[in-house]
Amino acid sequence: MLPKGPAKKVTIYLNEDSRYHLEPAWRAVVNFLRQKQVAGATVLRPSMGFGTHQMIHTLDTEGSMEHMPIRIEFVETGVRVDELLPTLYDMVTDGLIEVQDTSIIKSVVQGRQPQPVRPHEDIRGKAKLIRIYLGEADKFHGEPLYEAIVKRLRMMDVAGATVYRGILGYGAKRETHKKSLLQFSHDLPIMISVVEREERLPQILDTIESMMQDGLIVLSDVEVRRLVHRNPLEEEAKNAGTPAG
Amino acid sequence: MPEPQPAKYLRLHVGEDERWNGKPLYEAVVEKCRELEISGVSVFRGVEGFGESAEMHQSHLITRDRPILISIVETEENLARLLPEIEGILDTAMMAISDVQMIRICKSTLPH
């Protein structure tokens, strides 16, 4: 699975009937990528196209089906792409190879066997507690601001966030937020609390600050003790020295 | 990253059914804060808890004595101004003050 962050996207344009040794070139490329354990590759068969010969190849005109274009796409880390390119360069004798900078936002694998419950691990250390105060009625591009902030923090892989709704309060706008039977208010105070390592603070604060109009962010030093299920990859690295639990 | 300023964080724990001059105590505290121009107050209601009297604060069929948390973030001077005033209206309560860093975000112009 690819890590989030910068990556390279490689697009290869080929003729369907170009050959590499005994097999079609596009199939040779896909087999090579698989053999190299590239995270994934997609072969697309466009419905029309032309190349350097300026000849239109399309499924409609009879007799010219053999020169149909084929496009292969894959995304990998920069290091892996550098490692693969010399071979691809050799394999593509008639066509085009293009590399683009891209960034991976989400890369997940579904449908795997559920992992057995692992022993708990106790993580201790210094951290920062971030409390964000805002109003329930505050919006960010049409959606509730507190929801938008939590979603964004989740995308950033922040360890966790909890949203609390108050029953009374006032803040930057100096209006009392109150919920009573006669006067129903939707603008009650909201507090979001987040605990994270100090080095992630600038990134988190910049993001939250850019989304908020009015409000307050409060930071404090805390000691954390986190009970988490051990990461399977870390466990493999540690090797089978611990008794099975 | 916006530059944080040093501030004090006050947490005040009271019971939901505690009253002062006929109104809920937490409302009285919020009103006092407004009177003293404290920049902001938030009141949160807990689900369950216990305090000094070791009685459980929880929701019953008739009474709803749940724990209430009043939180205030202010500069040290403003908090010093507020504390004696609040102490005057509290009977029993727990106050906790901690040092924090705060970032005030105020991008929209206030309506007049």
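In this text the structure is predicted, and so the values were computed from the model without any measurement.

Scoring rules and cut-offs
- Residues numbered from 1 in each chain as written.
- Chains lettered and ligands numbered in written order.
- Predicted model: local features only at pLDDT ≥ 70, side-chain atom pairs only at ≥ 80, totals over all residues.
- Heavy atoms only, no water.
- Contact = heavy atoms within 4.5 Å.
- Buried area = accessible area lost by both parts, 1.4 Å probe.
- Polar contact = N/O pair within 3.5 Å; in protein donor to acceptor, adjacent residues only side chain to side chain.
- Helix = DSSP H or I, 4+ residues; strand = E, 2+ residues; numbered from the N terminus.
- Nonpolar A, V, L, I, M, F, W, Y, C, P; charged D, E, K, R; others polar.
- Pairing = 2+ DSSP bridges.
- Buried < 20%, exposed > 50% of the residue type's maximum accessible area, 1.4 Å probe, protein only.
- Arc of directions from axis to C-beta.
- Core = buried A, V, L, I, M, F, W, Y, C linked by side-chain atoms within 4.5 Å.
- Phe/Tyr/Trp six-rings, centres within 6.5 Å; stacked < 30°, edge-to-face > 60°.
- Lys NZ or Arg CZ within 6 Å of the ring centre and 35° of its normal.

## Brief notes about the interface of chain A and chain B
Where interface size is given, it is often the accessible area lost as the parts come together that is meant.
In step 1: Each partner contributes residues to the interface: chain A has 33 residues there, and chain B has 33 residues.
In step 2: Of the roughly 2,900 Å² buried between chain A and chain B, counting both surfaces, carbon and sulfur atoms make up 58%.
In step 3: Scanning the region where chain A abuts chain B turns up 15 residue pairs in polar contact (both at pLDDT 80 or more).
In step 4: Taken together, the elements giving at least two residues each to the side of chain A that touches chain B come down to strand S9 (120-135), strand S12 (161-170), strand S13 (176-178), strand S14 (189-196), helix H4 (201-211) and strand S15 (214-229) of chain A.
In step 5: Its residues placed into classes, the side of chain A that touches chain B shows 16 nonpolar, eight polar and nine charged.
In step 6: Across four bridges, the pairing between S12(A) and strand S4 (residues 41-45) of chain B is antiparallel. Within S4(B), the residue paired with A:Gly169 across the bridge is B:Ser42.

## Here's the deal with unusual backbone geometry
Residues and elements named next belong to chain A.
In step 1: Positive phi, close to 55°, is recorded for His21, a residue that is not glycine.
In step 2: Of note in this structure, Gln37 is not a glycine but carries a positive phi near 55°.
In step 3: Its location among the elements puts Gln37 in the loop between helix H1 (25-35) and strand S4 (41-44).
In step 4: Residue Gln37 is classed as exposed on the basis of its relative accessible area of 64%.

## Looking at the pairing of strand S7 (residues 69-76) of chain A
All names here are of chain A.
In step 1: With six of its eight residues buried, S7 lies for the most part within the structure.
In step 2: The pairing of strand S1 (residues 5-15) with S7 spans eight bridges and is antiparallel. Counterpart to Tyr13 in the pairing with S7 is Arg71.
In step 3: When S4 meets S7, the two strands line up antiparallel, connected through four bridges. Bridging from a neighbouring strand, Thr42 pairs with Glu73 of S7.

## Details of the side chain of A:Asn15
Residues and elements named next belong to chain A.
In step 1: Positionally, Asn15 belongs in strand S1.
In step 2: For Asn15, the side chain forms a polar contact with the side chain of Asp94, separated by 3.0 Å.
In step 3: If near-sequence neighbours (up to four positions away) are discounted, Asn15 is found in contact with His67, Met68 and Asp94.

## Some details on helix H3 (residues 145-155) of chain A
Residues and elements named next belong to chain A.
In step 1: Here H3 has its buried residues at Leu145, Tyr146, Ala148, Ile149 and Leu153. Taken around the axis of H3, the buried residues stretch over an arc of 160°, which confines them to a single face. Facing away from the buried side of H3 by more than 90 degrees, the exposed set consists of Lys151 and Arg154.
In step 2: Once H3 finishes, Asp157 follows within two positions and takes phi at roughly 60°, a positive value.

## Considering the nonpolar core
Among soluble globular proteins, nonpolar side chains are generally buried collectively.
In step 1: B:Cys33, B:Val43, B:Ile70, B:Ile72, B:Leu82 and B:Ile86 are the most contacted members of the largest nonpolar core, which totals 25 residues.
In step 2: When contributions to this core are tallied by element, the ones reaching two or more residues are S12 of chain A together with strand S1 (5-15), helix H1 (25-35), S4, strand S7 (67-74) and helix H2 (76-89) of chain B.
In step 3: When residues of this core are assigned to their parent elements, the largest contribution, six residues, is made by H1(B).
In step 4: Here B:Ile70 is in contact with B:Leu10, B:Arg11, B:Leu12, B:Val14, B:Tyr26, B:Val29, B:Val41, B:Ser42 and B:Val43, once residues within four sequence places are set aside.

## Observations regarding the environment of B:Val43
In step 1: With respect to the helices and strands, the residue B:Val43 is situated in strand S4.
In step 2: Separated by 16 residues in the primary sequence, B:Val43 and B:Glu27 place their C-alpha atoms 8.9 Å from one another.

## Points about the packing of aromatic side chains
In step 1: With the rule as written, the count across this model stands at one aromatic pair over all chains.
In step 2: Aromatic side chains A:Tyr164 and B:Phe44 sit 6.4 Å apart centroid to centroid with 75° between the ring planes, which places their arrangement in the edge-to-face category. Taken together, the residues span two chains, with A:Tyr164 in strand S12 and B:Phe44 in strand S4.
In step 3: Positioned above the aromatic ring of A:Tyr170 is the side chain of B:Arg34, whose terminal nitrogen or guanidinium carbon lies 4.9 Å from the ring centre.

## As for the environment of B:Thr92
In step 1: By secondary structure assignment, the location of B:Thr92 is in the loop between H2 and strand S8 (94-106).
In step 2: Counting along the chain gives 77 residues from B:Thr92 to B:Gly15, while the straight-line C-alpha distance between them is 9.4 Å.

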